[in-house]
Amino acid sequence: MEPRLTGIDRREALAYLGWRGGPVPEELDVALTRCQTLLMETVRPRAVWRLLDIRPDGALGDTGFVPAGESIRAHLAGCDQVILMGATLGAESERLLRRAQVEDMARAVVLDACAGAAIENVCDNLCADLAAALAPRHLTGRFSPGYGDMPLCQQEMLCQVLDVGRRIGVSLSPGGLMIPQKSVTALIGVADTPRTKGPGGCPSCDRRDSCTIRKEGGSCGGR
Amino acid sequence: MAAGEFIILDGAMGTMLQAAGLPVGQCPESWNIEQPEKVAAVHRAYVQAGTRLVCANTFGANRYKLARSGYAPGQVIAAGIGLARQAVGPDVRVALDVGPIGQLLEPLGTLSFEEAYDVYREMVTAGETAGADLVFFETMSDLAELKAAVLAAKENIALPVWASMTFEATGRTFLGATVPAMALTLSGLGVDAMGFNCSLGPRELLPLMEELRRWTDSPLILKPNAGLPDPATGAYTVTPEAFADELAQAAALGVTALGGCCGTTPEFIRALVTALAGKHPAEREKKSLFGVCSAVRTVPLDGDVHLIGERINPTGKKRFQQALREGDMGYIQQRAIEQQDAGAEILDINVGLPGIDEPEMMERVVKAVQAVTDLPLQIDSSDPAAIEAGLRAVNGRAIVNSVNGEADVLDAVLPLCKKYGAAVVGLTMDKGGIPRTAEERVEIARRILDAALAHGLAREDVLIDCLTLTVSAQQEQAAETLKALRYVRGQMGLHTVLGVSNISFGLPQREKVTVSFLTQAMVAGLDLPIADPNRSAVMDAVAAFRVLSGADRDSAAYIERYADVPAAAPPAGPDRTMTLGDAIAKGLKEETAALTEKALETMTELEIVDQLLIPALDRVGERYERQEIFLPQLISAANAACEGFEIVKRRITEKGAGSISRGKIVLATVQGDIHDIGKNIVRVVLENYGYTVIDLGRDVPPERIVEAAIREDVRLVGLSALMTTTVGSMARTIEALRASGHDCKVMVGGAVLTPEYARQIGADYYARDAKQSADIAREVLG
């Protein structure tokens, strides 16, 4: 189950750039294509995951990690196992983004938007692979520290359990933020029956805080 | 390390302790104090299995990882070394084991090289005091971090230093470091042994070891994982015997120190001892490859031509001098990127300018350039302090430019080259100036070579510059330079450097003479020309020469270089109807520049700014607000306008008049936050509106922002935060600014902020986007 970047969703990248439908200016269209190509050629996504039992006391396997908060409890309701996952676009993407910001900020914002869509693609592919591997069991959507009332400080424990430093080259800043920035950690519930509430929706979106559509009172409708 | 014998190392520690009951998330090192007997039991088990050198349980005993344990590094290290020594007895060596800090270094992360150095200094001095036999840095993936570690050891303690990095199967570390770069850098720093550990099994690491041995003569270490883990459970499934059989093949590569990493146990070490019985590490040939490198890119010194870009140098360049005086790293970074894109393989860095603190500036520029390019660097200075500052900051193996035949220069600079493992350029001149004859120059080259060898440098690392003189002034000297070059390369077999641009000074159509001289010099044996890669004729000459010399196999590089060049496209004529406003709106930099030049014929500088550039930007801003265009186009327009501002600025500088800055603004991404693209966008837009931006970067503590606001006497401070968790830090910064009594307005922005929240934390303005920040700047500063 190798981590795969199979495509970069233009509509998603455009949404990050503030596009709300309507015609896409030609220069932007060209820039998007260039950035897509560059990322597809340069980025080597990496991922790590663990499948753990949910113990009666809420702890995951023998890790001593107990996800905190009502939101994650609700997310994992009815699940007896959980997948912890970490994925990153790696230092290559980080370097591209840093360099682009010096070279041409206009290109940098397009590249940043495309990289955002790229890491989502990597996560989606990993989840699809995991779902296939674990079938006929069912997977919930991804839920990350910082969503709902799950404290962001649990990121540190999650990263320790996954050993992300050694396994995929992700480190945490003193403030608990991941470097490379285009990295995701998440919990995915595993259950015998499909979850009635599907994945997606603003509360479980990792762009919840930074989403301008949401700030303006709208929703992207799960794309 | 004794030749001819293996040194059997130990296996994993962390997983052994977890098996003994250590909870995940607790520092394994804390058990040195809380459960010393359990740690000692692991050491004893390895020694019983055959280990002759144990790594103490000190891998993560640094001040960052121990922060919440309640223990200090010195305490944990003293306990760890002490208990290991007691457990293993007198015949087994004890290494201070040191892993990565766990924080990423600049430029990708936020930890400074100096702080990393200090973290390691604290550890290694504690280790030496506690009686460790050697220091073993392992599981490193950042070559810069490893350099900080090795320097901390070399400069503060007397113990042997071993260094091991962790690679992916692609032959790179997570941060992109390559095997040759590791070998060149670590050999240069003088480590006592080097190798690989962790991340992969023996089978995957053997091919990398095959490569490593060709780039270094250091003793080799190999500590693989027990194969690859099952992703679901994290468990390793390779048997001890299979592991040992594979690892034993490393003996044939001349590897001397062998052990295991994640997933290995005393059983694996026992099996390894069995598998190695009767074997000896194979004799190794002397290394065959030389070169210079950044962490991720190596330029071999192989006789092929590799161009050194000369453009990072203030000599005779007003705009570059201004960038140095203003600390404008962005401008210098762009010169670096430009040269890399044009085909330079090494970048010369010269920051010598009267009134500039050269060592401090050298360090800053080296770090800035490394943040945006991955080319090896050449530190160009005559000041030993500046050379050392540059060499320290370099990630990789650099060239020092330069020494000459004078004894005091050789004595001052060569020890620095030795200490930091740099190659060195030797100019064939001395107190008597530049000799007139080739023979005399060769004589000086010999002197430089002898001195370099005496200081411990390798012959391959002495690069001789036979010096170019201006042909319009001393015509016969061109032939002498070429003659000396032929001798130094042909007879002495040394690599040669030569700055060629100077040849044509004072002549019309300079490029023709420069390129012809470059070609003749390459024929004479020049392999490291210093020139301006942005001149396509220069790069054309190199490309053609490499075809004719046979270095460019099947002319592949040549064909690729010209693949996209249309046969003879007619030059596109200027669009006569285009206005400056149109050019800006379309983000056309060259047209904006040309139209600004034209406007200067009839308008004053200030008129152009107020009547053309700013109104054009305003129109673009309005379209952005109406969502007719998007952020990338807003920035493109701002960038194009910047070309116009640059021309106006240059004109004003030339006249020696004041500046056209519309005022100064301090910008920062607040402490704890590393997401700075938003702040960088605002900076570009504000600069292009004519404001002077003092950009303090990311993760900036409140006191630095206050200090900068007061020192620069700014009336507007812009703060950015992306995460909910860092908005608190923004509030603290505003509080500190108010408490300082400095009279300034504060604007805030960032994804999670709202106008209400901005008010609540005491900001004067909330900026929804970059455009609005420019509106605010106009309101505050005019």
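Each value, and the rule that gives it
- Residues numbered from 1 in each chain as written.
- Chains lettered and ligands numbered in written order.
- Predicted model: local features only at pLDDT ≥ 70, side-chain atom pairs only at ≥ 80, totals over all residues.
- Heavy atoms only, no water.
- Helix = DSSP H or I, 4+ residues; strand = E, 2+ residues; numbered from the N terminus.
- Buried < 20%, exposed > 50% of the residue type's maximum accessible area, 1.4 Å probe, protein only.
- Lys, Arg positive; Asp, Glu negative; His and termini not counted.
- Salt bridge = Lys/Arg side-chain N within 4 Å of Asp/Glu carboxyl O.
- Contact = heavy atoms within 4.5 Å.
- Core = buried A, V, L, I, M, F, W, Y, C linked by side-chain atoms within 4.5 Å.
- Pairing = 2+ DSSP bridges.
- Domains from an automatic or database assignment.
- Phe/Tyr/Trp six-rings, centres within 6.5 Å; stacked < 30°, edge-to-face > 60°.
- Lys NZ or Arg CZ within 6 Å of the ring centre and 35° of its normal.
- Right-handed = clockwise from strand over helix to strand, strands pointing away.

Summarise the side chain of A:Glu94; cite the residues concerned and give the values.
Structurally, A:Glu94 can be placed in helix 4 (residues 90-103). Salt bridges are absent for the buried A:Glu94, whose nearest opposite-charge side chain, A:Arg98, sits at 4.4 Å. Leaving out residues up to four positions away in the same chain, A:Glu94 has contacts with A:Ile179, A:Pro180, A:Gln181, A:Lys182 and B:Leu108.

Go over the nonpolar core with me, naming the residues and quoting the values.
Counting 176 residues, the largest nonpolar core has B:Phe137, B:Phe196, B:Leu222, B:Ile332 and B:Val365 as its most contacted members. For this core, the leading source of residues is helix 6 (residues 143-156) of chain B, giving 9 residues. Core analysis: the second largest hydrophobic core is formed by 92 residues, A:Leu14, A:Cys114, B:Phe630 and B:Ile635 among them.

Break down the pairing of strand 22 (residues 716-720) of chain B for me, with residues and values.
All names here are of chain B. For strand 22, a buried count of 5 out of 5 residues is recorded, marking the element as mostly surrounded by other parts of the structure. Neither face of strand 22 is exposed, since Leu 716, Gly 718 and Ser 720 on one face and Val 717 and Leu 719 on the opposite face are all buried. Pairing analysis gives 5 bridges linking strand 20 (residues 664-669) to strand 22, with the strands arranged parallel. Across the sheet, Ala 668 pairs through a bridge with Leu 719, a residue of strand 22. For strand 22 and strand 23 (residues 745-749), the ladder comprises 5 bridges, and the chain directions are parallel.

Account for the domain arrangement of chain B, naming residues and giving values.
Split into domains, chain B comes out as domain 1 (7-276), domain 2 (291-549), domain 3 (580-655) and domain 4 (664-781). One C-alpha centre belongs to domain 1 of chain B, the other to domain 3 of chain B, and the line joining them spans 56 Å.

Please provide a residue-by-residue account of the packing of aromatic side chains, values included.
All names here are of chain B. For the structure shown, the criterion picks out 7 aromatic pairs over all chains. Geometrically, the ring pair formed by Tyr 120 and Phe 137 is edge-to-face, given 5.8 Å between the ring centres and 80° between the ring planes. Of this pair, Tyr 120 sits in helix 5 (residues 113-130) while Phe 137 sits in strand 4 (residues 134-140), placing them 17 residues apart in sequence. For Tyr 120, a relative accessible area of 0% gives the class buried. We note Arg 335 situated over the ring of Tyr 331; from NZ or CZ to the ring centre the distance is 4.3 Å. Across the ring face of Tyr 117, the terminal group of Arg 392 is positioned such that the distance to the ring centre comes to 5.2 Å.

Could you give me a rundown of the pairing of strand 18 (residues 495-499) of chain B, with the residues and numbers involved?
On any regular strand, side chains alternate: one points to one face of the sheet, the next to the other face. All names here are of chain B. Among the 5 residues of strand 18, 4 are classified as buried, and the element is accordingly described as predominantly covered. With 3 bridges connecting them, strand 17 (residues 462-465) and strand 18 associate as parallel partners. Its bridge partner being in strand 18, Leu 463 is matched across the sheet by His 495. One crossover worth recording links strand 17 to the parallel strand 18 by way of helix 17 (residues 477-490), and it is right-handed. Inspection of the sheet shows strand 18 paired to strand 19 (residues 528-531) by 3 bridges, in the parallel sense.

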